[in-house]
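So you can see what is in the structure, the chains are spelled out below.
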Amino acid sequence: MSRGYSFEYISGFRDYLLPASESSRNERRSAIAAKWGISRFADRGETHEVSRNHPPLAALRNHNAGMSRAVHGDRFAWIIETLRIAIAMERFDAAEGMANYLLAFFDDLAKGNVIPAAKALCRKFIAFGEIDQLRHFLFKNIAAVKKDDSLFTWFSAYCTGNTEFLPEFATLPSGKPNAYYISKRMAVAGDRVLPTLMAAGSPPTTNLLLANFFATRGDSSLYRMFVNRVLGKQGATLVRKVALGEDNFLNRIAFERPPVVPDAHDLVSIIMSTHNSAATVGYAVRSILAQSYRNIELLICDDGSSDATLAELDKLRGDPRIRMFRSHGNQGTYGVRNSLIPEARGAYITFQDSDDFAFPDRIERQLAFLKNEGAAAVASQWFRVTAGGEFVFSSDQAVARIAVVSLLAPREVFERFGPYRQARFGADTEFYEKLRSRLGVDAVRLMQTPMIFGLASATSLTRSVGIEATEDGYRAPARRCYAAAAARSRHIGEHPGLPTVEDALIEHGILMPPTHIEELEVAP
Amino acid sequence: MKRIGQLATYPGRLANLPVMLESVAPQFDEIHVMLNQFTKRQQLALPKLANVHYVIPKSDLKDTGKFWRKPGAGEYVFLMDDDLTFPADYVEQMIAFYQRMPSARMAIGLHGVIYSDLFEGTPSSRFVAKFDKALNNPILVNQLGTGCLMLPGELLPPFEFMRSAQRFVDVRFARYCHENGIGMACVPRPAGWIVDQNAEDSIFETYTRERHGEQLPEIMQFAGFGKLDVRLALAVERT
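From a predicted model like this one, the values you see are computed outputs, not experimental measurements.

### A few points about the sheet that holds strand β9 (residues 139-140) of chain B
Backbone hydrogen bonds are what pair the strands of a sheet, in a parallel or an antiparallel way.
Residue and element names in this part refer to chain B.
Right, so step 1: Pairing in this open sheet of eight strands is mixed, and the strands run β3-β2-β1-β4-β11-β6-β12-β9 from one edge to the other. In this open sheet, the two strands that pair with only one neighbour each are β3 (52-55) and β9.
Right, so step 2: Bridge count for strand β1 (residues 2-9) against strand β2 (residues 30-35) is six bridges, and the pairing is parallel. Looking at β2, one finds that alanine 8 is bridged to methionine 34.
Right, so step 3: Where helix α3 (residues 90-100) meets the sheet, it contacts β1, β4 (75-80), β6 (106-109) and β11 (148-152), and its direction lies at approximately 55° from that of β11.
Right, so step 4: Packing against the sheet, helix α5 (residues 169-179) makes contact with β6, β11 and β12 (183-186), and its axis sits at approximately 125° to β12.

Written out as structure tokens, the structure is:
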């Protein structure tokens, strides 16, 4: 009985195995192209060239190269590090078996390996949604939990009741506030959360937890004050007014107006797709039109909405910088991007989601950073926020995270390394990682500054049942499969005997066939 | 149980083969030797031992010749390389090791490999318990070298399964074991228990080292600690 494959998510994997030749791979690709109407693949069979300046892959190469010596020395230390790398790289296909092996030998681990192993195992349990196993493991290893911030955070989040706030879990073993726990329990915490926050000084984390505290009370004035403390320290434009209420606060927030950029010679194209976005597209578009960098065009393509999105878009047509398009059917965000990149007239291209709010100097700062640093591409960070204004913390206690949607680059970058994968989700992450692996991390930069409010709502793709990706690290099976296939492709390259990434997408029904788009006439 | 030895050779090893055969022949009921590319004259130079049977293939089978013979019931099959020198108690010790294993569905050997769980085709991405080096405790592995292993005859892969793997029999054999739930254990021994006679590069050194990338899809099926049967791994290490 076979015990599973590296590609266990792909049921027909064995069919791909032999004979393995370039022509058989091309035949499979041709069949996919004919069936799904894909004319260009995201990896077009080009030679797999990884930049020397890509620390994650370089680290893996070094780790692998030292395997025999390391395993002869301390087998488990090597396995723990490999599991950590696998999860960080999203090689979920490899993580599962390694975790099982490590778990079986857990009681044999040397003392110094226990906490690193426990952390790697917990990350795996969470990524796979194995919460009962996580709880059992944490209770069994409570001594390690008391010593380590990550284990303590997971214990506080998963092993205590959702409807109670226990002050003893509000502070991590290191003495820092347990922002993830506090933010998750803010609604039930009441004033009991304040002593912890008052004792923590005023780092951004504390200020944004206080903003969350006042968001739960609907106190717009104090909310704005604590948000602005964080924005001000980052040199960002401040919030001028905000009204927390029953509907999405992003409809009721306004920033100060930064000065208009005087010499905006280069046209920047911003691409946005909409799909049933009537409730959010208004503020998403207005936040782009209010940019301090004025020389922009906004290409909006409605991707088969069945709600009032088109009517909402119609209201926004007055600005000549907007160009409207419509997909014939629903092809997904990345199909829209692939269709609109050739239509873009700008020297630079970036993107905006239809439920995100861009800070008014986002384009200005990203473009300046790109030019000043001589980078090939630049992304910024974002704050994920709820409709009620609360900042979403991740289980690693971070609140600002990379916003791959914000990737801004000269159009040649997209022409050379595109198209985006025709996936229902996640193709921007794959594209970003592909750029980093090909061009190096010095060329593809991440600004450590949030410039977007990204809406975390029940209707977000990251929350949709079956394709979730949550802030604790859980990835739905379809996401794990796609992420693993893409990571494997970056790591190993296209191999005639291995399934393509499209095979993984088809297996999970997340390949989105491209459709035609048409540009809509501007009303006279 | 009958003790059967199986190996494949070629004229380049004529100098080694008689030494090897004469050292192991007393330990076996039968030894079957596949003579790839041998001329009649070269055949005449081979030692005539009562329990050694030579087979002339119609075409060069290379290392898959080890698998050409279909074992009968009640046999322990020992796959061997022609350039190794085996100790006088080799067969007896290997059978004793096998009988201590926690499962009957096992192959045991001396050259064990565990690939990286994130294997990318480079030969350094492996843990190797080399056959002539000491190993203190038994360990379950992804792959055994087919130059010094034994298993019950009914677990030997059919020749047809091996036929297309002339230059990478170890990989194909490991794939067969993985697909058929056969554990592979590398057994403990002192350094030098098995001796490599030959300074000439073996197939492993000249071919496999260079061509792991080509076997990548096949190796990835069973590569890594995560692909080992953890219950069996625990049981093997506790023996």
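Now that the structure is up, let's keep going.
### Quick notes on the nonpolar core
Right, so step 1: In terms of nonpolar packing, the biggest core is built from 198 residues, with A:Tyr223, A:Phe383, A:Phe391, A:Phe453 and B:Tyr90 touching the most fellow members.
Right, so step 2: The element best represented in this core is helix α4 (residues 67-88) of chain A, accounting for 10 residues.
Right, so step 3: Excluding residues that lie within four positions of it along the chain, A:Phe453 makes contacts with A:Leu250, A:Ile253, A:Phe255, A:Asp355, A:Asp356, A:Phe357, A:Phe359, A:Phe383, A:Val385 and A:Phe391.
Right, so step 4: Counting 43 residues, the second largest nonpolar core, distinct from the first, contains A:Cys301, A:Val413, A:Ala427 and A:Val444.

### Some points on helix α8 (residues 230-238) of chain B
Right, so step 1: Of all the residues in α8(B), the buried ones are B:Val230, B:Leu232, B:Ala233 and B:Val236. When α8(B) is viewed along its axis, its buried side chains cluster within an angular range of 160° and face the same direction. Turned more than 90 degrees away from the buried face of α8(B) sit B:Arg231 and B:Arg238, all of them exposed.
Right, so step 2: Where α8(B) is buried, its residues meet α5 (92-104) of chain A together with β6, β9 and β12 of chain B.
Right, so step 3: Where α8(B) begins, the capping side chain belongs to B:Asp229, and its oxygen is found 3.1 Å from the backbone nitrogen of B:Arg231.

### Quick word on the pattern of salt bridges
Residues and elements named next belong to chain A.
Right, so step 1: Across all of its chains, the model carries 41 salt bridges over all chains by this definition.
Right, so step 2: Between glutamate 415 and arginine 411 there is a salt bridge whose closest N-O contact spans 3.1 Å. Here arginine 411 and glutamate 415 lie together in helix α18 (residues 411-417), a separation of four residues that amounts to about one turn.
Right, so step 3: For glutamate 415, a relative accessible area of 43% translates into the label partly exposed.

### Quick word on a positive patch on the surface
Residues and elements named next belong to chain A.
Right, so step 1: Where like charges cluster on the molecular surface, the positive patch consists of Arg240, Lys241, Arg257 and Arg294.
Right, so step 2: Within the secondary structure, arginine 240 is located in strand β1 (residues 239-242).
Right, so step 3: A residue is classified by how much of its surface remains accessible, and arginine 240, at 41% relative accessible area, is partly exposed.

Reading guide: rules and limits
- Residues numbered from 1 in each chain as written.
- Chains lettered and ligands numbered in written order.
- Predicted model: local features only at pLDDT ≥ 70, side-chain atom pairs only at ≥ 80, totals over all residues.
- Heavy atoms only, no water.
- Pairing = 2+ DSSP bridges.
- Helix = DSSP H or I, 4+ residues; strand = E, 2+ residues; numbered from the N terminus.
- Contact = heavy atoms within 4.5 Å.
- Axes fitted to C-alpha atoms, helices over the stretch in contact; angles between N-to-C directions.
- Core = buried A, V, L, I, M, F, W, Y, C linked by side-chain atoms within 4.5 Å.
- Buried < 20%, exposed > 50% of the residue type's maximum accessible area, 1.4 Å probe, protein only.
- Arc of directions from axis to C-beta.
- Polar contact = N/O pair within 3.5 Å; in protein donor to acceptor, adjacent residues only side chain to side chain.
- Salt bridge = Lys/Arg side-chain N within 4 Å of Asp/Glu carboxyl O.
- Patch = residues over 30% accessible without salt bridge, like charges linked within 9 Å, V, L, I, M, F, W, Y side chains within 5 Å.
- Areas by Shrake-Rupley, 256 points an atom, 1.4 Å probe, with all protein chains shown as cover.
- Lys, Arg positive; Asp, Glu negative; His and termini not counted.
- Charge placed at Lys NZ, Arg CZ, Asp CG, Glu CD.

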